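Tertiary structure, described
Spelled out from the first residue to the last, the chains are:
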Amino acid sequence: MKPMILAVVLLAALNVGCDMRGRDGAPGATGAVGASGSSGSTGADGVSGAQGVDGKTGADGVNGRRGTTGTPGADGAAGAAGANGAAGAPGEPARR
């Protein structure tokens, strides 16, 4: 019973206090606005591939060597002069 009497007295005192002030209690502060979640970060762009190396040009073909000019033939040697015919032997005097 004592707790009930205490509760009634407490409520009565609070009501009288509010009536004496002639107004309601001051409004409580508004609650803080909840923070919105941060957006997820976007993925980084992929690295682009390296550029391929340019192909090399083909080497020019080597020119063929020309054949060497042949050596001209030597002139033929002059023929030897024919030997003179031997003189005939003198005839013997006729015999009689």
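Structure: above.
So, how was this worked out
Residues numbered from 1 in each chain as written. Predicted model: local features only at pLDDT ≥ 70, side-chain atom pairs only at ≥ 80, totals over all residues. Heavy atoms only, no water. Helix = DSSP H or I, 4+ residues; strand = E, 2+ residues; numbered from the N terminus. Buried < 20%, exposed > 50% of the residue type's maximum accessible area, 1.4 Å probe, protein only. Areas by Shrake-Rupley, 256 points an atom, 1.4 Å probe, with all protein chains shown as cover. Patch = residues over 30% accessible without salt bridge, like charges linked within 9 Å, V, L, I, M, F, W, Y side chains within 5 Å. Salt bridge = Lys/Arg side-chain N within 4 Å of Asp/Glu carboxyl O.

Further remarks concern the overall build of the protein. Counting its regular elements, the protein contains 1 helix and 0 strands. For the protein, the residues scored as buried account for 0% of the 96 residues in total. Of the roughly 10,300 Å² of accessible surface on the protein, 56% is carried by carbon and sulfur atoms.

Our next topic: a nonpolar patch on the surface. A contiguous nonpolar patch, built from M1, I5 and V9 and spanning about 350 Å² of accessible area, is present on the exposed surface. As for its placement among the helices and strands, I5 is situated in helix α1 (residues 2-21).

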